[in-house]
Amino acid sequence: MSARHAPILGSRLCSWPDEAACTAYAATLALHPALRNAYIELHGPLGAGKTTFVRQLLRALGVAGRIKSPTYAVVELYEQDGLAISHFDFYRLTDKREWADAGMRDLFAAPGLKLAEWPERAAGALPLADLSLFIEPLDNEGRSLRIEAHTALGLELLA
Ligand SMILES: Nc1ncnc2c1ncn2[C@@H]1O[C@H](COP(=O)(O)OP(=O)(O)O)[C@@H](O)[C@H]1O
Ligand SMILES: [Mg+2]
């Protein structure tokens, strides 16, 4: 089920006036125990800040070293303090076979934090997201945000 047609249990509108606000939100979310088993979808046009947000979140979780955009690999995997993190970017996914070959179903079935950019490109293959972030660029650094919770876990993260 794609986020656009998923039930919305709760939602919140906010804004990131600058990149520091994105970092601050990521840092807050990183403190949430429910994050350890969450699936979060990131929506927004190219350059909206999806990868930037994931980088900030991973940094806040303690991930050191390079955090690559998964645009070419489709998925980048991390392990931090016993937490498995999968960062997907389905922008270039053209063939559903790529999905099966990369063992993505297994990654989604395993416990851990999952983050996905361009989930609409893999619609039908993805589970229901706990939380969806819709990032809309306003100007240089300004972003408006709509955050939707689709599950009870998502509602916890929204609070
Ligand atoms: N408020 C903000 N939140 C996130 N990124 C921002 C913000 N303001 C400016 N940026 C910049 O916008 C760009 C977003 O790029 P990126 O995260 O790769 O976008 P996407 O993954 O959505 O295509 C980065 O260069 C980042 O530094
Ligand atoms: Mg990106």
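Refer to the structure presented above.
Everything numeric here is computed off the predicted structure, so don't read it as measured data. (Residues numbered from 1 in each chain as written. Chains lettered and ligands numbered in written order. Predicted model: local features only at pLDDT ≥ 70, side-chain atom pairs only at ≥ 80, totals over all residues. Heavy atoms only, no water.)

## With respect to the sheet that holds strand 6 (residues 131–137)
Here is the rule we go by: Only strands joined by at least two bridges in the DSSP assignment are considered to pair. Under the scheme used here, helices are H or I runs from DSSP no shorter than 4 residues and strands are E runs no shorter than 2 residues, and both carry numbers assigned from the N terminus. Where helices are involved, their axes are fitted lines through C-alpha atoms of the stretch in contact, as for all axes, and angles between N-to-C directions lie from 0 to 180°. Residue contacts are defined here by distance: any two heavy atoms, one from each residue, within 4.5 Å place the two residues in contact.
Taken in spatial order, the 7 strands of this open sheet run 1-7-6-2-5-4-3, and their pairing is mixed. At either end of the open sheet lies a strand with only one pairing partner, and these are strand 1 (10–16) and strand 3 (75–80). In this sheet, neighbouring strand axes are inclined to one another by 15° on average, regardless of whether the strands run parallel or antiparallel. In the sheet, strand 3 pairs with strand 4 (residues 83–89) via 6 bridges, with the strands oriented antiparallel. Directly across from Leu 77, in strand 4, lies its bridge partner Ser 86. The strands that helix 1 (residues 19–30) touches are strand 1, strand 2 (39–43), strand 6 and strand 7 (143–149); relative to strand 1, the one it contacts most, it runs at about 140°. Together, strand 1, strand 2, strand 3, strand 4, strand 5 (113–117) and strand 6 form the strand contacts of helix 2 (residues 50–60), whose direction differs from that of strand 5 by roughly 160°.

## Observations regarding the packing of aromatic side chains
Geometry of an aromatic ring pair is reported as the spacing of the ring centres plus the angle between the planes. Keep this limit in mind: The rule is short: rings of Phe, Tyr and Trp, with Trp giving its six-membered ring, pair when the centres are within 6.5 Å, and they are stacked under 30 degrees, edge-to-face over 60, tilted in between. For every residue, the accessible area (1.4 Å probe, protein chains only) is compared with the maximum for its type, and the residue is labelled buried under 20%, exposed over 50%, or partly exposed between those bounds. For a lysine, the NZ atom is tested; for an arginine, the CZ atom; a charge sits over a ring if that atom is within 6 Å of the ring centre and within 35 degrees of the ring normal.
Summed over the entire model, instances satisfying the criterion amount to 7 aromatic pairs. Taking 5.0 Å as the distance between ring centres and 85° as the angle between the ring planes, the aromatic pair formed by Tyr 39 and Phe 108 counts as edge-to-face. Here the residue Tyr 39 occupies a position in strand 2, and Phe 108 occupies one in helix 4 (residues 104–109), the gap between them amounting to 69 residues. Note on accessibility: Tyr 39 and Phe 108 belong to one class, buried. Ring pairing ties together the aromatic residues Tyr 39, Phe 88, Phe 90 and Phe 108, which thus form one cluster. In this structure, Arg 121 is placed above the aromatic ring of Trp 118, and the distance from its NZ or CZ to the ring centre is 5.1 Å.

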